[in-house]
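Letter by letter, the chains look like this.
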Number of protein chains: 2
Amino acid sequence: MDRLIEAIENAQNPSVVGLDPTEALVPPQVVASFADEVRDSVEDENELPAAQLAVAYFEFNRAIIDAVADIVPAVKPQIAMYEALGPAGIDVYTMTCEYAQQQGLYVLGDIKRGDIGSTAAAYAGHLSGVGAGETAYDPWHEDAVTVNPYLGTDGITPFVDAAAAHDKDVFVLVRTSNPSSKELQELDLAGGGKLYEHVADLVEGWGEPTRGERGYSRVGAVVGATHPEEGAALRERMPHTFFLVPGYGAQGGTAAGVAGMFDKDGSGAIVNSSRGIIGAWKKTGAWNESMSADQALDLVASAARDAAADMRDDLRVSVYR
Amino acid sequence: MDRLIEAIENAQNPSVVGLDPTEALVPPQVVASFADEVRDSVEDENELPAAQLAVAYFEFNRAIIDAVADIVPAVKPQIAMYEALGPAGIDVYTMTCEYAQQQGLYVLGDIKRGDIGSTAAAYAGHLSGVGAGETAYDPWHEDAVTVNPYLGTDGITPFVDAAAAHDKDVFVLVRTSNPSSKELQELDLAGGGKLYEHVADLVEGWGEPTRGERGYSRVGAVVGATHPEEGAALRERMPHTFFLVPGYGAQGGTAAGVAGMFDKDGSGAIVNSSRGIIGAWKKTGAWNESMSADQALDLVASAARDAAADMRDDLRVSVYR
């Protein structure tokens, strides 16, 4: 986790921009501008909308990455949004990750994979790539990925091994930000504590052999911003586990609420905002349908930069006390 | 789940072939035979091995699908094995699913996705495709997918809705076949029962509005063959939930062991075997390095067909009592 911590310190900004495009978040003239370009690339007329949207997602992401790269340490593309478009979307996911890495950003792939044995090892290819040595090929361009713990250690170890071998990181779901997360995660266990606390202890243990110079292991935890008190208690419970904190902004999490998820030095966590930044252009009131695609992307970029700077400033006040 | 049940009845065979290729499972001359073909398709020399393996996976899968299509009702491609090769692998995953559907097989995409809200809705695109009506485009060609329950109802509902709208199904992880599955799934709850039993009750409830003519809902459960007694108890506990049973063969599950996961009519479950069928050629002793690629694929196909027929016959004896 040392690379991420250093990037956060350099930017003095413990936040990450979620690159989760949807059709509703991309200005329509940007999508329309690629109608001709993609026509030759598809075999079937019905593939056109997905192909067009995929290209538009990349240009949208590039505008945002360019706008925020000097003020945020990291981006978190949510692979589901790309996967929804099929293989064309997956291509754009990898292009987005590669472009973000080229701009110096730490790329946290929000893939929430989880399986067992040889299958988990295959998913760990997100971190290890294909092959090794001089002919190694990394199709994904991710610095970390998120993983689901329901299958236990078998499903985690291949990711931890791959992370250790490639100077990358893993974030395991512990306490998610959504309302129904309580259905499993808050269950009281016969041996005491709640399920998410048991998972927290497993995560702290999984990370133990990989602690870095800053005291945090390569195995982080996903802890939703919508649970401020639980998050603060988990901070105490998992002293060597770095937190990825989703749910800030649109889902209701606040800078004051997440303050307890940081350690006494203002480290230990990174807070994600997606719609609040990439959809900030919709709240400016400045968009109109007669804008050109380039004008619309400029608006997306400047609104995203302003929103990212506001979030940074909010977090600085609460976290760097 | 009616379509799957009907396919099983037509084949009198409650088994599914796991299409989980790895480099070790594909005869080397098959991989080598595509060296020239892929050279023009890659931008970077280092992409060659992954691109070559991806094409070889498709030909390997096609040989197996052709060999078993008239004796098995379904195939289950494990997306991780393809994802390990990057976007080129994802393309081949979708090509495999499409080809299997064209041969009349029910395609169970083993994707184990799980996320919340709009993100889960994006993943549910695996079942709903892109767009609607006459211009709808289905990039995935899956009839069902597997889903992880750790995030609760929020993560499941979008899949169930998509399944109901498109006559497809969902299988939720309940009790997985791997050794460390006990770390979470067997935890005793303060309110009584174990975590996997609580999840089982949620799954039965999630399926309730979607019960079909055969009495089973569109929300199935993944229950490992390595837990015969728990599986039989779950069969009683979840009377309207169809089971996908992995872990037969290579992982130690037996036909006798899975018998209790079927209902009194011999329905209610489908048993998966992957390596035992797609890797059967390695146990024939008939392979040698001087074979042509076509000869090696013929061996793969005939060994897979024999192994699939053996599994069917074993299950018939245990299940159709």
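Everything numeric here is computed off the predicted structure, so don't read it as measured data. (Residues numbered from 1 in each chain as written. Chains lettered and ligands numbered in written order. Predicted model: local features only at pLDDT ≥ 70, side-chain atom pairs only at ≥ 80, totals over all residues. Heavy atoms only, no water.)

When helices and strands are tallied, chain A shows 15 helices and eight strands. For a compact globule of 321 residues, the expected C-alpha radius of gyration is about 20 Å, and chain A comes in at 20 Å, within 12% of that figure. Within the span of chain A, comprising 321 residues, buried residues form 63% of the whole. The long-range fraction of contacts in chain A, counting pairs at least 24 apart against all pairs at least 6 apart in sequence, stands at 75%. Here chain A displays about 11400 Å² of accessible surface, and carbon together with sulfur accounts for 47% of that area. Positive and negative side-chain charges of chain A, numbering 23 and 48 respectively, have mean locations separated by a distance of 7 Å. (Helix = DSSP H or I, 4+ residues; strand = E, 2+ residues; numbered from the N terminus. Rg over C-alpha atoms; globule rule 2.2 N^0.38 Å. Buried < 20%, exposed > 50% of the residue type's maximum accessible area, 1.4 Å probe, protein only. Contact = heavy atoms within 4.5 Å. Areas by Shrake-Rupley, 256 points an atom, 1.4 Å probe, with all protein chains shown as cover. Lys, Arg positive; Asp, Glu negative; His and termini not counted. Charge placed at Lys NZ, Arg CZ, Asp CG, Glu CD.)

Here the focus is the pattern of salt bridges. Considering all chains together, one arrives at 45 salt bridges over all chains under this definition. Arg39(B) is paired through a salt bridge with Glu45(B); the nearest N and O atoms lie 4.0 Å apart. Arg39(B) sits in the partly exposed class, given a relative accessible area of 43%. Its relative accessible area of 54% is what places Glu45(B) among the exposed residues. For Asp313(B), the salt bridge is made with Arg312(B), and the minimal N-O distance between the two is 3.1 Å. Judged by its relative accessible area of 16%, Arg312(B) is buried. One salt-bridge network, held together by shared partners, links Arg3(A), Asp143(A), Asp167(A), Asp169(A) and Arg218(A). (Salt bridge = Lys/Arg side-chain N within 4 Å of Asp/Glu carboxyl O.)

Note: a rotation about an axis with an accompanying shift along it relates these two copies of the chain. Expressed as a screw transformation, the operator carrying chain B onto chain A has a rotation angle of 180° and an axial translation of 0.0 Å, and the superposed copies differ by an RMSD of 0.0 Å. Such a combination of rotation and displacement between the chain copies is what one expects of a two-fold axis. Here 100% of the contact residues of chain B are again contact residues in chain A; the copies associate through an equivalent surface. (Least-squares fit on C-alpha atoms with pLDDT ≥ 70 in both.)

Per the UniProt record, "domain: Orotidine 5'-phosphate decarboxylase" (unreviewed entry) is found at residues 14–290 of chain A. For the annotated span residues 14–290 of chain A, helix accounts for 40% and strand for 15% of the residues, and the straight-line distance between the end C-alpha atoms is 37 Å. (UniProt positions renumbered as here; feature names shortened; annotations may be inferred.)

In this section: helix H9 (residues 153–165) of chain B. Residue and element names in this part refer to chain B. The terminal C-alpha atoms of H9, which comprises 13 residues, lie 18 Å apart, in line with the 18 Å expected from a rise of 1.5 Å per residue. Looking at H9, one finds that the buried residues are Gly-155, Ile-156, Pro-158, Phe-159, Val-160, Ala-162 and Ala-163. Immediately beyond the C-terminal end of H9, within one or two residues, lies Asp-167, with a positive phi of roughly 55°. (Expected span 1.5 Å × (residues − 1).)

Here the focus is the interface of chain B and chain A. Accessible area lost when the parts come together is the quantity often used to give the size of an interface. Each side of the interface is counted separately: chain B has 63 residues, and chain A has 63 residues. Across the chain B to chain A interface the summed buried area is about 5200 Å²; carbon plus sulfur atoms make up 60%. The tally of links from chain B across to chain A stands at four salt bridges. Counting residues per element, the ones that place at least two in the side of chain B that touches chain A are helix H5 (79–83), helix H6 (87–102), strand S3 (106–113), helix H7 (117–123), H9, strand S5 (169–175), helix H10 (182–185) and helix H11 (195–207) of chain B. Take the side of chain B that touches chain A: its biggest share by element is six residues, from H11(B). Residue composition of the side of chain B that touches chain A, grouped by class: 32 nonpolar, 20 polar and eleven charged. (Buried area = accessible area lost by both parts, 1.4 Å probe. Nonpolar A, V, L, I, M, F, W, Y, C, P; charged D, E, K, R; others polar.)

What follows is about the packing of H11(B) against helix H12 (residues 228–237) of chain B. All names here are of chain B. Taken N-terminus to C-terminus, the directions of H11 and H12 make an angle of 30°; their axes are 10 Å apart at the nearest point. When the axis of H11 is compared with that of H12, the two are roughly parallel. Of the two elements, H11 crosses H12, and the hand of that crossing is right-handed. Residues Tyr-196, Glu-197, Ala-200 and Asp-201 of H11 lie in contact with H12, whose contacting residues are Glu-230, Leu-234 and Arg-237. A breakdown of the residues in the contact of H11 with H12 according to their chemical character gives three nonpolar, no polar and four charged. (Axes fitted to C-alpha atoms, helices over the stretch in contact; angles between N-to-C directions. Parallel < 35°, antiparallel > 145°, perpendicular 65-115°, else oblique. Left-handed = near helix turned anticlockwise from the far one by under 90°.)

By the definition in use, this model includes twelve aromatic pairs over all chains. Their ring planes at 65° and their centres at 5.5 Å tell us that Tyr82(B) and Tyr93(B) sit as a pair that is edge-to-face. A residue pair is termed long-range when its members are at least 10 positions apart, and Tyr82(B) in helix H5 and Tyr93(B) in helix H6 qualify at eleven residues. Residue classification places Tyr82(B) among the buried residues on the basis of a relative accessible area of 0%. Among the residues examined, Tyr93(B) registers a relative accessible area of 0% and is labelled buried. Following the ring pairs from residue to residue traces out a cluster consisting of Tyr57(A), Tyr82(A), Tyr93(A) and Trp140(A). Lying over the aromatic face of Phe243(B), Arg235(B) brings its terminal NZ or CZ to 4.1 Å of the ring centre. (Phe/Tyr/Trp six-rings, centres within 6.5 Å; stacked < 30°, edge-to-face > 60°. Lys NZ or Arg CZ within 6 Å of the ring centre and 35° of its normal.)

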